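# Geometric and topological summary
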Amino acid sequence: MTLRDLLTTINPFWSHEETSDDKEEFKLPSMASLVIMLVMNFLLQVSFFIIVSSANEYAKYLGGNATFSGVVIGIPTGFAVLSLIPLTRYDKGFYKMPLHVSCCFAIMGHIAYAIAFRANFLYLILIGRCLNGVSFTMFMYCKRYCTDPRIIGIRRRTTLAGWQVVCQCLGLTLGPFLGGLLYKIGFSNSIFNGYTSPGWIMAGIYAGFWVLVTQYFEDIPQPPPMTIMELSLPVTKGLEIEPCLNYSSASATNPPSSVDKSFRAQLSLITLSQWGVIICMCWLSMVCFFILGSWEANLPVFGASTANLRWSPFDAGNFIALGGITCFPFLLFNVLAARRTQDRKLLARSTILGLIGLVIFLSILRTGKVNYGTLFACWWTVALGFNLATTVTLSLLSKQLPPEWNGGTSIAIQCSNYIGRVMGAIWGGSGVSVGMLNFVGLEIAMVGIGAILFTTLWNKLKTKNG
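Predicted model, so just to flag it, every value in this text is computed and none were measured. (Residues numbered from 1 in each chain as written. Predicted model: local features only at pLDDT ≥ 70, side-chain atom pairs only at ≥ 80, totals over all residues. Heavy atoms only, no water.)

## Here we look at the overall build of the protein chain
A tally of regular secondary structure across the protein chain gives 20 helices and zero strands. Split into buried and exposed, the 466 residues of the protein chain put 55% on the buried side. At a minimum sequence separation of 6, the contacts of the protein chain that also span at least 24 residues come to 83%. A total of about 19400 Å² of accessible surface is found on the protein chain, and carbon and sulfur atoms cover 68% of it. (Helix = DSSP H or I, 4+ residues; strand = E, 2+ residues; numbered from the N terminus. Buried < 20%, exposed > 50% of the residue type's maximum accessible area, 1.4 Å probe, protein only. Contact = heavy atoms within 4.5 Å. Areas by Shrake-Rupley, 256 points an atom, 1.4 Å probe, with all protein chains shown as cover.)

Below is the structure:
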């Protein structure tokens, strides 16, 4: 039996007894393709986090500082935003081409990051991370795939978003731990050592994964093109012929003028409350990734500069990973709970949990009672709360808006994520210099703005479960 047959046979997502009436709401793509997208999301998370533990030391070795290491950690998401613009123009609503682009640039980026040590060139690690940024465009495609109305039913989207957050947590856990472990082992040579080994190892993993993508990934079937005659056929009694207006095929089947008119018509149908929901979800998505990114970048710097901690990169990596691994059971439980919990309630509880962690951290900073236990309690609460909150931002929007808007909402949410990541990483790297009270105070204020939006639009955020 081939891997494709095995994955298609063993499908853990099909726990619902489907009938002809609800089959559309519970539909899923082939298991092999779905697993590839989830694994890709996991690998991208590992790529993002594997350098967090040692980036500060690597940057200092090459002549940089803590703020520069924050830029190195966060800059890929800025390049991911810029790369989305041309990539979405040529993907035609499909996924295989972005997968190939992502694997290619991930390999090049990790190799460039690794050879910076031998070249003794500080900005080469920045160049390598910028190349990684192009590969991080796949974050958007992973999210879009799991909410794509052509292959994913409306009652599967939050569940699949939950699986994405599980992969996100695994990457958050394994990345810093592996980076810290490789730094501690060292490998004392100029090619493969504690600074460069994350780059070489990830480049090799992506090369192997690229082969699997080529072999097993099945893209969405291309719809047959409509002729002008089909588009102009009259509607007869008992038979309605409606041209497909989804974002993947509209440009290929309709004349440009009709596409523009269709888009403007759809835009005019979006109500003021729906615009409010879009703004609210984009803001909360940005805030979640800003806070997560800032903590991940700040913990190694803060831990190294705090007198009763004095962490090495290995210690910092273990601390970040411990927070991720202890969140993991709760994220798995969330996958099951998502089928029976309203998205808005899940988002509210998660955000409140993360806010509690921020408030506790502010209080221990004020009282000076920072130690391993109190800091871990704060990190665990923040990591769990804001990781859970990222589960529903896109899935909720995909249920609120027409299917044709899935591509646009995916880009909007992912750009919000990217902005949060890059600004959060820079803010985290600068946290000690600007003052830790200012660091956490800004984050509490950002959550407060989200809470105002959220409570104002509470009645408008109700959607189907699952």
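## Some remarks on the side chain of serine 53
Tracing the chain through its elements places serine 53 in helix α3 (residues 52–61). Separated by 2.7 Å, the side chain of serine 53 and the backbone oxygen of proline 176 make a polar contact. Excluding anything up to four places from it in sequence, serine 53 contacts Pro176, Gly179, Gly180, Pro313 and Gly317. (Polar contact = N/O pair within 3.5 Å; in protein donor to acceptor, adjacent residues only side chain to side chain.)

## Quick notes on the nonpolar core
Side chains of nonpolar character tend, in soluble globular proteins, to be buried together. Core analysis: the biggest nonpolar cluster contains 125 residues, and Met40, Ile125, Met281, Ile291, Trp295 and Phe361 have the highest contact counts within it. For this core, the element with the most residues is helix α13 (residues 272–305), which contributes 16 residues. Setting aside residues no more than four positions away along its own chain, isoleucine 125 makes contact with Tyr58, Ala59, Leu62, Phe68, Val72, Tyr113 and Ala116. (Core = buried A, V, L, I, M, F, W, Y, C linked by side-chain atoms within 4.5 Å.)

## Brief notes about the confidence of the model for the protein chain
Caution is warranted with low-pLDDT regions, since their predicted coordinates should not be read in detail. In this model, the protein chain carries a mean pLDDT of 81, and residues with pLDDT of at least 70 account for 84%. The low-confidence segment residues 1–18, where pLDDT is below 50, has 34 contacts with residues more than four positions distant or belonging to other chains. Under a pLDDT of 50 for its full length, residues 226–260 has, in the predicted model, 40 contacts with residues more than four places off or in other chains. (pLDDT = per-residue confidence, 0-100.)

## Re the packing of aromatic side chains
Enumeration according to the criterion identifies 24 aromatic pairs in this entry. Relative to tyrosine 123, the ring of phenylalanine 121 lies with its centre 6.3 Å away and its plane at 55°, an arrangement referred to as tilted. In this structure phenylalanine 121 comes out as partly exposed when scored by relative accessible area, which is 41%. Both rings, one in tryptophan 295 and one in tryptophan 379, keep their centres 6.1 Å apart while their planes meet at 15°; by these two values the pair is stacked. A residue pair is termed long-range when its members are at least 10 positions apart, and tryptophan 295 in helix α13 and tryptophan 379 in helix α16 (residues 372–389) qualify at 84 residues. Across this residue pair, the class does not change: tryptophan 295 and tryptophan 379 are buried. Through a chain of ring-to-ring contacts, the aromatic side chains of Tyr58, Tyr61, Tyr113, Phe117, Tyr183 and Tyr195 assemble into a single cluster. The ring of phenylalanine 48 carries arginine 129 above its face, with NZ or CZ at 5.6 Å from the centroid. (Phe/Tyr/Trp six-rings, centres within 6.5 Å; stacked < 30°, edge-to-face > 60°. Lys NZ or Arg CZ within 6 Å of the ring centre and 35° of its normal.)

## Structural notes on the packing of α3 against helix α5 (residues 96–119)
At their nearest, the axes of α3 and α5 sit 10 Å apart, and the two run at 40° to each other. Compared by their axis directions, α3 and α5 come out oblique. The way α3 lies across α5 gives a crossing that is left-handed. Residues Ala55, Tyr58 and Tyr61 of α3 lie in contact with α5, whose contacting residues are Tyr113, Ala114, Ala116 and Phe117. A per-class count over the contact of α3 with α5 returns seven nonpolar, no polar and no charged. (Axes fitted to C-alpha atoms, helices over the stretch in contact; angles between N-to-C directions. Parallel < 35°, antiparallel > 145°, perpendicular 65-115°, else oblique. Left-handed = near helix turned anticlockwise from the far one by under 90°. Nonpolar A, V, L, I, M, F, W, Y, C, P; charged D, E, K, R; others polar.)

## Re the packing of α13 against helix α15 (residues 343–367)
For any two helices packed against each other, one specifies the inter-axial angle together with the distance between the axes. At a closest axis distance of 13 Å, the pairing of α13 and α15 adopts a crossing angle of 35°. Helix-helix and strand crossings are classified by hand; for α13 and α15 the assignment is left-handed. For the pair α13 and α15, the contacting residues are Met281, Leu284, Ile291, Trp295 and Phe302 in the first and Leu347, Leu358, Phe361 and Leu365 in the second. When the residues that make up the contact of α13 with α15 are grouped by side-chain class, the tally is nine nonpolar, no polar and no charged.

## A few points about the environment of alanine 114
Along the chain, alanine 114 turns up in helix α5. Its relative accessible area of 1% is what places alanine 114 among the buried residues. Between the alpha carbons of alanine 114 and isoleucine 201 there is a distance of 9.7 Å; along the sequence they are 87 residues apart. If we ignore the near neighbours within four places in the chain, the residues touching alanine 114 are Tyr58, Thr196, Gly199 and Trp200.

## Some details on the pattern of salt bridges
Two side chains of opposite charge can pair, provided their charged atoms sit close to one another. Applying the stated criterion across every chain, the model contains three salt bridges. Note that aspartate 91 is salt-bridged to arginine 144, the shortest N-O span being 3.7 Å. Separated by 53 residues along the polypeptide, aspartate 91 in the loop between α4 (66–90) and α5 and arginine 144 in helix α7 (residues 138–145) bring together distant segments of the chain. Each member of the pair, aspartate 91 as well as arginine 144, carries the same accessibility label: buried. Glutamate 296 is the salt-bridge partner of arginine 421, the closest N and O atoms lying 3.2 Å from each other. Of this pair, arginine 421 sits in helix α18 (residues 406–429) while glutamate 296 sits in helix α13; the two residues are 125 residues apart in sequence, bridging distant segments of the chain. Overall, glutamate 296 belongs to the buried group, its relative accessible area being 2%. (Salt bridge = Lys/Arg side-chain N within 4 Å of Asp/Glu carboxyl O.)

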